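Each chain is listed here by its residues.
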Amino acid sequence: MRVAIVEGDGIGKEVIPAAVEVLDALDLPIEKVPLELGYGKWEKCGVAIDEKDLEILKSCDCVLFGAITTPTDPNYKSVLLTIRKELDMYANIRPIKPLPGLVGVTGKNDFDLVIVRENTEGMYSSIEEIHDDVAYTKRVVSRKGSERIARSACKLAKDRKNEITIVHKSNVLKSDTLFLGVCREVAASEGVEYRDMLVDAMAYSLMSYPERYDVVVTTNLFGDILSDMSAALVGSLGLVPSANIGDKYAFFEPVHGSAPDIAGKGIANPIAAILSMKMMLEWMGYEREAALVESAVEFSIKENITTPDLGGSSSTSDVGKLMADHIRNNL
Ligand code: IPM
Ligand code: MN
């Protein structure tokens, strides 16, 4: 297996080395291909990602990615969106599962849900116009795009509770009438139970009753918003991993961004990056190793070796080191 390692910007440069240290402790036959992409590269060379980078990414099986600063400059095209589209990684899988002993804003920890976010269209179509007094963004929802994300959600649901919740805003958006219709058709044909929720009601319900949900499938921007919001359910944005999966490639990244405000201080929580690496191991078929990584994460919490967002006083690299040692001792 060849894995592109992209630290990116800000805290990406801290959390990915910690995740790689944990990965190295497993001693697996994985070839690491380091690649510099992002805002830092843009400042230096005027491009954040070029054709050659894309070729390198495509020569790898998957990518372990930190975070990239995306400025709100209309001339800057997000690297992340370019990669997701170019490698056609249409399913963004974001598990929202509390770690033992930790609670988030609701104080509950009896839930375990997964947000399945469509990753290539919707409000992220890039079909946009900006004029002096008006700007447009075209929201694209296709049958093909909806079908394949619905299938990903159903596949996941079959290994879980065999139910999905389709999140949409079809009372206002015609594009979501199509999304909802296609998701229902797919779920029915796959024999998966389904219900649907309007996104605004879902935001409230998820924050109040996360235990009611299992697999949640939605369009791109709604999934983006609901996933950051749901991070508050598990106690920190620094805990939530994600996998971007296509038919050929996959890309693993923490849900958090590059956090320039805390970058360079060594206090970023590496758990989201480490759990993203764990999702990568599962995708590769290394189930036992993935379980070991999860137990290392749980061990660090039990031992109180945590970063300040979880109330601890350890550094990013201390946490990585402890987990790597734990793995070596239990391999
Ligand atoms: C995410 C991020 C990205 C997104 C940004 C950085 C383009 O917020 O992965 O959730 O909106 O998808
Ligand atoms: Mn986001």
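Parameters and conventions
- Residues numbered from 1 in each chain as written.
- Chains lettered and ligands numbered in written order.
- Predicted model: local features only at pLDDT ≥ 70, side-chain atom pairs only at ≥ 80, totals over all residues.
- Heavy atoms only, no water.
- Pairing = 2+ DSSP bridges.
- Helix = DSSP H or I, 4+ residues; strand = E, 2+ residues; numbered from the N terminus.
- Axes fitted to C-alpha atoms, helices over the stretch in contact; angles between N-to-C directions.
- Contact = heavy atoms within 4.5 Å.
- Near = heavy atom within 4 Å.
- Polar contact = N/O pair within 3.5 Å; in protein donor to acceptor, adjacent residues only side chain to side chain.
- Areas by Shrake-Rupley, 256 points an atom, 1.4 Å probe, with all protein chains shown as cover.
- Nonpolar A, V, L, I, M, F, W, Y, C, P; charged D, E, K, R; others polar.

Colleague: Explain the sheet that holds strand β10 (residues 215-218) here, please?
Modeller: Pairing between the strands of a sheet comes from backbone hydrogen bonds, and it takes one of two forms, parallel or antiparallel. Taken together, the 10 strands give an open sheet; going across it, the order is β2-β1-β3-β12-β11-β4-β5-β10-β8-β9, and neighbouring strands pair in mixed fashion. This sheet does not close on itself; its edge strands, each paired only once, are β2 (31-34) and β9 (193-198). Averaged over neighbouring strand pairs, the angle between their axes works out to 25 degrees when direction is ignored. Note that strand β11 (residues 241-245) and strand β12 (residues 250-254) share 5 bridges and pair antiparallel. Across the sheet, residue S242 finds its bridge partner in β12, namely E253. Lying on the sheet, helix α1 (residues 12-25) is in contact with β1 (2-8), β2 and β3 (62-67); it crosses β1 at an angle near 150 degrees. Across the face of the sheet, helix α6 (residues 174-190) comes into contact with β8 (163-168), β9 and β10 while running at roughly 170 degrees to β8.

Colleague: How should the side chain of T165 be read in this particular structure?
Modeller: Along the chain, T165 turns up in strand β8. Filtering out sequence-adjacent residues up to four positions away, T165 remains in contact with R195, M197, M202, Y213, V215, V216 and V217.

Colleague: Teacher, can you tell me more about the site of ligand 1 here?
Modeller: With respect to spatial proximity, the complete set of residues near ligand 1 consists of T70, S78, L80, L81, R84, R94, R117, Y124, D224 and E253. Within the side chain of R94, one N or O atom sits 2.9 Å away from an oxygen atom of ligand 1. Considering ligand 1 on its own, with 320 Å² of exposed area, one finds that the protein chains cover 78% of that surface. Split into classes, the residues belonging to the shell around ligand 1 amount to 3 nonpolar, 2 polar and 5 charged.

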